[in-house]
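# Structure at a glance
The residues making up each chain are set out below.
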Amino acid sequence: MKPVLDSDLLRTFVAVAETGNFTRAAEKAGRTQSAVSMQMKKLEDMVGDNLFERGSRGVALTRRGSELISNARRIVSLLDETAASLVAPPLGGLVRIGIPAEYGRSILSRALGEFAKRHPRVEVTVRYAHSDSQVRALAAGELDLAVVFEWEGFSGGEVLMHDPTVWVTSTLHHMHEERPVPIALYSRNGWCRDFAIKSLQQRGLGYRVAYTSDTNGGLTLAVTSGLAIAPISRSNIPPDCRELTVADGFGDIDSSNVVLHRNPLATGEAIDGMENAIREAFMLTRQTGATVGV
């Protein structure tokens, strides 16, 4: 017979796995250490295998425990999300977001997905544009929240992620080995184009502009199709491509941070909720090391 897993056992299992210690897990769960030990013994009996290796400094997941933890976290997260949706009053209103296109699919879709489940009556508008344009729109009162790249100084916004721009090449076409090296650039003038060219000049690399685009998606297409190498944020490197490092004769183009700004005049629970959803989506990406993708 298949074991009928108790969500309470899974919650305690996640607490032990995350703290690496039965005592701290007991404190987190509001139980005694002996109660937590009994719960884990019961779960191990149900699974039919040891979930933890016990040592002098605490516990670590066994191979079987590592197989179970991702599903356990998903189940606990879904239960918490469902509970929150039952008690939280549905919000209404309008939220206007500005965000780089490269964070649209994974980051924003994750944030919007979670937010929409809890607050289906909120109207959300999204503006994809480069950072300078987003900052101007925020200042003009056209946006409530803006996620932008910042590469110099500190603006006072909230740093969500460190995501430097790097040179990216296709692992199938090796265009970085050509001389002069073919490069793809944004068609508009700006910091990314300036920094990209400067990084090549500093390393004495001859280049030719083989492709220009208004969007990050266009630069990604140039790389994956074997037309050129391109400056792309590290989290956004597409499949079958890789970063060109110092060992390849290249290196980082800049040291960009991804920063969240909020219009100081933008108030309301809907905006508060969306701000938290965006923050949590970036936090999850950092924790899992997931590739953002476009």
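Rules and cut-offs
- Residues numbered from 1 in each chain as written.
- Predicted model: local features only at pLDDT ≥ 70, side-chain atom pairs only at ≥ 80, totals over all residues.
- Heavy atoms only, no water.
- UniProt positions renumbered as here; feature names shortened; annotations may be inferred.
- Pairing = 2+ DSSP bridges.
- Helix = DSSP H or I, 4+ residues; strand = E, 2+ residues; numbered from the N terminus.
- Axes fitted to C-alpha atoms, helices over the stretch in contact; angles between N-to-C directions.
- Contact = heavy atoms within 4.5 Å.
- Parallel < 35°, antiparallel > 145°, perpendicular 65-115°, else oblique.
- Left-handed = near helix turned anticlockwise from the far one by under 90°.
- Salt bridge = Lys/Arg side-chain N within 4 Å of Asp/Glu carboxyl O.
- Buried < 20%, exposed > 50% of the residue type's maximum accessible area, 1.4 Å probe, protein only.
- Expected span 1.5 Å × (residues − 1).
- Nonpolar A, V, L, I, M, F, W, Y, C, P; charged D, E, K, R; others polar.
- Arc of directions from axis to C-beta.
- Right-handed = clockwise from strand over helix to strand, strands pointing away.

As recorded in an unreviewed UniProt entry, the protein goes by the name LysR family transcriptional regulator, listed as coming from Mesorhizobium australafricanum. Here the protein is described in UniProt, under the heading Sequence similarities (unreviewed entry), as follows: "Belongs to the LysR transcriptional regulatory family."

### Points about the sheet that holds strand β7 (residues 165–170)
If you walk across this open sheet you meet the three strands as β10-β7-β11, and the pairing is antiparallel. Both outer strands of the open sheet, β10 (230–233) and β11 (241–243), are each paired with one neighbouring strand and no more. Taken over all neighbouring pairs, the strand axes of this sheet differ in orientation by 50° on average, direction set aside. Alignment of β7 against β10, held across four bridges, turns out to be antiparallel. From the neighbouring strand, Trp 167 faces β10, where its bridge partner is Pro 231. Strands in contact with helix α7 (residues 191–202) are β7 and β10; relative to β7, the strand with the most contacts, it is inclined by about 70°. Running over the sheet, helix α8 (residues 216–224) touches β7, β10 and β11 and is turned about 120° from β10.

### What to know about the packing of helix α1 (residues 7–19) against helix α3 (residues 33–47)
Here α1 crosses α3 at 110°, and the two axes come no closer than 10 Å. Considered as vectors, α1 and α3 are oriented roughly perpendicular to each other. By crossing handedness, the relation of α1 to α3 is classed as left-handed. Taken together, the residues of α3 that come into contact with α1 (itself represented by Asp 8, Leu 9, Leu 10, Thr 12, Phe 13 and Val 16) are Val 36, Gln 39, Met 40, Lys 42, Leu 43 and Met 46.

### Comments concerning the sheet that holds strand β12 (residues 257–262)
If you trace the five strands from one edge of the open sheet to the other, you get β4-β3-β5-β12-β6, paired in mixed fashion. Where the open sheet ends on each side, the last strands, each with one partner, are β4 (121–128) and β6 (158–162). Direction aside, neighbouring strands of the sheet carry axes that sit 20° apart on average. Sheet topology places strand β3 (residues 92–99) next to strand β5 (residues 145–150); two bridges connect them, and they run parallel. Considered in β5, the bridge of Ile 97 is made with Leu 145. Those strands touched by helix α5 (residues 104–118) are β3 and β4, and its axis lies near 170° from that of β4.

### Quick word on the pattern of salt bridges
In this structure the tally under the stated criterion is 15 salt bridges. A salt bridge links Asp 8 to Arg 31; the shortest N-O distance between them is 2.7 Å. With a gap of 23 residues between them, Asp 8 in helix α1 and Arg 31 in the loop between α2 (22–29) and α3 connect regions that are remote in the sequence. Arg 31 gets classed as partly exposed once you look at its relative accessible area, which sits at 31%.

### A few points about α5
For α5, which comprises 15 residues, the first-to-last C-alpha distance of 20 Å matches the rise-based estimate of 21 Å (1.5 Å per residue) to within 8%. Within α5, burial applies to Gly 104, Ser 106, Ile 107, Leu 108, Ala 111 and Phe 115.

### Some points on the packing of α2 against α3
α3 packs onto α2 with a crossing angle of 100° between their chain directions and a minimal axis gap of 8 Å. By the criterion of interaxial angle, the relationship of α2 to α3 is roughly perpendicular. On the side of α2, the interface is formed by Phe 22, Thr 23 and Ala 26, while α3 contributes Gln 33, Val 36, Ser 37 and Met 40. Split into classes, the residues belonging to the contact of α2 with α3 amount to four nonpolar, three polar and no charged.

### Description of the UniProt feature "domain: HTH lysR-type" (unreviewed entry) in the protein
With numbering aligned to this structure, UniProt lists the feature "domain: HTH lysR-type" (unreviewed entry) at residues 5–62. A helix fraction of 62% and a strand fraction of 14% characterise residues 5–62, whose end C-alpha atoms lie 19 Å from each other.

### Here's the deal with helix α6 (residues 131–139)
All of the buried residues in α6 are Ser 131, Ser 133, Gln 134, Ala 137 and Leu 138. Across the axial projection of α6, the buried residues extend over an arc of 160°, all falling on one side. The outward face of α6, more than 90 degrees from its buried face, is lined by the exposed residues Arg 136 and Ala 139. Packed against the buried residues of α6 are β3, β4, β5 and β12. Once α6 finishes, Gly 141 follows within two positions and takes phi at roughly 80°, a positive value.

### A look at the pairing of β3
With eight bridges connecting them, β3 and β4 associate as parallel partners. For Val 95, the partnering residue across the bridge sits in β4 and is Val 124. Once the chain exits β3 it traverses α5 before rejoining the sheet at β4, and the crossover so formed is right-handed.

### As for unusual backbone geometry
The peptide bond linking Arg 179 to Pro 180 adopts the cis configuration, its omega dihedral lying at -5°. By the element assignment, Pro 180 lies in the loop between β7 and β8 (181–186). Although it is not a glycine, His 174 sits at a positive phi angle of roughly 55°. For His 174, the location among the structural elements is in the loop between β7 and β8. The class for His 174 is partly exposed, based on a relative accessible area of 36%. Phi at Asp 240 takes a positive value of approximately 65°, unusual for a residue other than glycine. Examined against the element boundaries, Asp 240 turns out to sit in the loop between β10 and β11.

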